[in-house]
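Close look at the chain arrangement
Okay, here's what each chain looks like letter by letter:
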Amino acid sequence: MPDARPSRILRATLFTLVPLAYLSMGLWRPASSYDKSGPIGFPAYAVVLMAAVFLTSLLAWHTHRFVAGLGLLVCFLWLLVGLLPVL
């Protein structure tokens, strides 16, 4: 019996977003960092990406625990990098 279409879409989304989140690590900046124009907050693309990774990882937890765990780990690391200097 083939997988249901929503399951395939969820799996494809999970296996795309988690590596993309790890590849974006080089662009992460702490929320308290500065550039020439002043303080930098969280970039909008990172917030959207991490929210999508978090939700997709939660939805796929029962079927793909390893990759979903990696997705949750990258979300935790992003929060740690972003909020550690502020804390």
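Notes on the structure in this doc start here. Since we're looking at a predicted model, the values are computed, not measured.

For the rest of this paragraph, the subject is the overall build of the chain. Check the secondary structure of the chain and you find 3 helices and 2 strands. Mapped from its N terminus to its C terminus, the chain presents α and β elements in the order α-β-β-α-α. The buried share of the chain, taken over its 87 residues, is 25%. Contacts in the chain between residues far apart in sequence, at least 24 positions, make up 68% of those at least 6 positions apart. Counting only carbon and sulfur atoms, one obtains 73% of the accessible surface of the chain, whose full area is about 6,000 Å².

Under the 1.5 Å per step criterion, the end-to-end length of helix H3 (residues 65–83) is 26 Å for 19 residues, consistent within 8% with the ideal 27 Å. Listing the buried residues of H3 in full gives Val67, Ala68, Gly71, Val74, Cys75, Trp78 and Gly82. Projected down its long axis, H3 shows its buried positions confined to an angular sector of 115 degrees, all on one face. Summarising the geometry of H3, the exposed residues directed more than 90 degrees from the buried face are Phe66 and Phe76. Looking at the buried residues of H3, the elements they touch are helix H1 (5–23) and helix H2 (44–59).

Let's shift gears to the environment of Ser57. Examined against the element boundaries, Ser57 turns out to sit in helix H2. Expressed as a C-alpha distance, the spacing of Ser57 and Ala68, which sit 11 residues apart in the sequence, is 4.3 Å. Ignoring sequence-local partners within four residues, the contact set of Ser57 consists of Leu14, Val18, Ala68, Gly71 and Leu72.

Conventions adopted
- Residues numbered from 1 in each chain as written.
- Predicted model: local features only at pLDDT ≥ 70, side-chain atom pairs only at ≥ 80, totals over all residues.
- Heavy atoms only, no water.
- Helix = DSSP H or I, 4+ residues; strand = E, 2+ residues; numbered from the N terminus.
- Buried < 20%, exposed > 50% of the residue type's maximum accessible area, 1.4 Å probe, protein only.
- Contact = heavy atoms within 4.5 Å.
- Areas by Shrake-Rupley, 256 points an atom, 1.4 Å probe, with all protein chains shown as cover.
- Expected span 1.5 Å × (residues − 1).
- Arc of directions from axis to C-beta.

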